[in-house]
Each structure stands twice: as structure tokens, then as C-alpha cells.
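# A closer look at the structure
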Amino acid sequence: MQMKNILVLGGAGYIGSHCCKYLADQGYAPIVFDNLSQGHKDFVKWGPFIKGSLHETDKLIKVMKEYEPVAVMHLAAFLSVGDSVTNPSGYYNNNVVGTISLLDAMIKCDIKNIIFSSSCAIYGQPETIPIQEFHEKSPINPYGRTKLIIEHVLEDYETAYGLKSVCLRYFNAAGADYQSKIGEDHSPETHLIPLILDAALGRINCIEIFGDDYNTPDGTCIRDYLHIMDIAQAHFKSFEYLLAHGKSLRLNLGNEKGYSVKELIQVVKDITGNTFKVNISARRPGDPAKLIGSTQLAKTTLNWQPQYNAIDEIIRSAWEWHRKRFSV
Ligand code: UDP
């Protein structure tokens, strides 16, 4: 039997490449479309690669006609909270305008299923923890606003054109499927875990903690870290759900546990056995103090179960990959 195709936008990136690996393991052919602005060609290992931008609607249509994907997974986005505050133009252009171009190509090609990588950043400063899906949406940075806008666009496209969507609201992606030689590698790097690992490897002189005066037990921000293969599993199960039930969903993806910046630094020191300098600097604009997600809805609706919920296991997998990729 011929393998079914799934078009993965941003499939050469960190989360996208892990989704491709998972899809291939399940017998699907991931077709990667990526502009390589953040992605890596060497992360594309499980299917064809097309270099292109979300803004190239005609190229997207051509690819969709050629490969006839049963669904689209859209992970091609700018993803740094801090950058979005200083460069909102880039974020709205890529994450909003680019996504609309993609959706319009889908409608033209009569492809009606999309898994969209949304974010917990749509909730803003949470009123209640753990955050449930019905929590008020009030993003406090442009990145979160771009994701929320697309969730609204998807509702309108469903009403008008019958497009079904699963929006997966990630908390913090972490770890790596290091046997596949894929992992977290952004340039420039802005994310906490790879930066702490860089400090442990001696690639940077010290790790900066962005604020230790938050209303949390040790004063540093708390986030909910989820292993990347658990995120990939959720993408696949969302796809199966869409095909089986034809119903749109909005789901949180997290581990329901929070770790502070200081706690993560300690976990990295324990796992690597390396010491490094830590510096307290100013708060980063756009950062809520504490984000922890309730993921009951994803578990019950998708029959999704995270496999790697221990933080040391998550960090160890990130370290294994990071060390191999970046050691000189
Ligand atoms: N952070 C930090 N130092 C860094 C990078 C990040 O203290 O060099 C903090 C950041 O302020 C946030 C947390 O680590 O509270 C996670 O940030 P990251 O950018 O990894 O993910 P985000 O939660 O913004 O998606």
C-alpha cells in the first residue's frame, strides 16, 4: 500500500523534525516545506524536502497538488517571546500573514485538516494554575498575539470553508530524540535549556537569569517543560482524531509540573557535573511569572500520555544531543 503524505511546514525545525520522525515511525510520509531560516537541512531525514516560504502561495499550491497530503502540520513560525517584542513586524508578517497564505493554498487544493502549533503564550498572565483551555486569552507579548489571531482565523475558516483544525497550545518544548541526531539548535539561541547547556559546555561564559524578583518561591520564572517526542506523539494523535471524528479541537500540551529557572540550572549542573557562572539580570519584557498547563483534555480526548515526564530524563536527552552537536 502507498504511504499517505502529510505536509509539514517547518519540518526542518526543532519540533517539526521530531514530528516527521514520529510520522515516519507510524508509516506516513512527511513532506517537509521549510525556508531554512531556523531549520536545518540535515534534520530532514524521513521524506522529501522543498525549500520555500509560507508567503509563496503558488508554490504551496503546486506542492499540495503534487503530493496530495491528507493533512497539514504547521510548525513554521518565529518563536521567541523576547524577539517578538522588539520585532513585531517580522512576527506578524511571518506568523500571521504567512499562515493565511498557507490556509488559502489549502482551501484552493481542498485540503481540510490542519494541526497548528499554538502556544500557552495566548493566555498571558494566568489567573489560575494549572491553566485550562477555557482560561481567558489575554496575551502579553506579540508572539502570543500572533498565535491567538491564527486560532481565531481558523475558527472563521472553519465556518466559511469547512477547514478543521487542532490547535496545540504548547507549554515549553524540551529534550531531543538524540539517536536521530536532531535536537534544539536555534541561531541565535534564545531558549533557556540550550543556553544553560551551552554554559555547561563552555560555549558561553555564563547563563543570565532574566529576573529573580518574580512572585515565585525562588523569585525566578516557572515553566512547564514537555519532552519533544511527547509533543510529536500528540501531533500524530491529533491527526488521527481529525481523520476519525472530523471535529476541531483546542488543547494544551504540557507536563502539569513547573520548574523555575534556578531549578533547571541546578538540574543541568547535576546531570553534566559541570559548573558555570550564573548572573542575575533584568526581567525580559513579555514574560509571565508562572505557566503550568492542565493537560487533562488532551489526555482524555486524544488518549495521549506523555512518556518522558521526569525532568532529569528530559534534560539528559537534551544534553546527550547538545554535547554531540556542539563539542569541539
Ligand atoms: N530565560 C532566562 N535566561 C535566558 C533565557 C530564558 O532566564 O537566557 C528565562 C525566560 O525569562 C523564561 C524562561 O527562562 O522565564 C523560559 O524561557 P524560554 O525563552 O526558554 O521559553 P519561553 O517560556 O519564553 O517560551
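To start, this report covers the structure provided alongside it. Predicted, not measured: the structure shown is a model, and the values here were computed from it. (Residues numbered from 1 in each chain as written. Predicted model: local features only at pLDDT ≥ 70, side-chain atom pairs only at ≥ 80, totals over all residues. Heavy atoms only, no water.)

### As for the overall build of the chain
Heads up, the condition is: Under the DSSP-based scheme used, a helix requires at least four consecutive residues in state H or I and a strand at least two consecutive residues in state E, with every element numbered from the N terminus. Two things to know: the radius of gyration comes from C-alpha atoms, and the globule rule equals 2.2 Å times the number of residues to the power 0.38. Type-normalised accessible area, obtained with a 1.4 Å probe on protein chains alone, sets the label of each residue: buried when under 20%, exposed when over 50%, and partly exposed for intermediate values. In what follows, residue pairs with any heavy atoms lying within 4.5 Å of each other are defined as contacts.
Along the backbone of the chain there are 10 helices and 13 strands. Over its C-alpha trace the chain gives a radius of gyration of 19 Å, about what one expects of a compact globule, namely 20 Å for 328 residues. The principal-axis extents of the C-alpha atoms in the chain amount to approximately 55 × 45 × 40 Å. Counting only residues that meet the buried cut, the chain has 58% of its 328 residues in that class. When contacts within the chain are restricted to residue pairs at least 6 apart in sequence, those whose partners lie at least 24 apart make up 79%.

### Focus on the site of the ligand
We count it as follows: By convention in this text, a residue qualifies as near a molecule or strand provided that one of its non-hydrogen atoms is within 4 Å of it. Definition of a polar contact: a pair of N or O atoms within 3.5 Å, with one able to donate and the other able to accept a hydrogen when the atoms are protein atoms, and with sequence-neighbouring residues admitted only if both atoms are side-chain atoms. Residues were grouped as follows: Ala, Val, Leu, Ile, Met, Phe, Trp, Tyr, Cys and Pro as nonpolar; Asp, Glu, Lys and Arg as charged; and all remaining residues, including Gly, as polar.
Around the ligand, 15 residues are found, and the nearest of them are Leu192, Glu208, Phe210, Arg284 and Asp287. The separation between an oxygen atom of the ligand and a polar side-chain atom of arginine 223 is 2.9 Å. At the level of secondary structure, the elements contributing two or more residues to the shell around the ligand comprise α6 (192-201) and β8 (206-210). Per element, the largest residue contribution to the shell around the ligand is three residues, and it comes from β8. For the shell around the ligand, the per-class residue count stands at eight nonpolar, three polar and four charged.

### Focus: empty space enclosed by the protein
To keep things clear, this is the line we draw: Buriedness of a pocket was judged along seven lines, with at least five required to meet protein on both sides within 12 Å; pockets are open sets of points on a 1 Å grid over the protein atoms alone, cavities are sets where a 1.4 Å probe fits but cannot get out, and lining residues have an atom within 4 Å of a point. Grid points are joined across faces, edges and corners, and a volume is the space filled by probe spheres set on the points.
As enumerated under the stated definition, the model contains one cavity of 30 Å³ or more in all. In this structure, the largest cavity spans a volume of roughly 60 Å³. Forming the boundary of the largest cavity are Tyr14, Gly175, Ala176, Gly183, Glu184, Pro194, Leu197, Ala318, Trp321 and His322. If you list the elements that add at least two residues to the lining of the largest cavity, you get α6 and α10 (311-326). A total of three residues in the lining of the largest cavity trace back to one element, the largest contributor, which is α10. Its residues assigned to classes, the lining of the largest cavity comprises six nonpolar, three polar and one charged.

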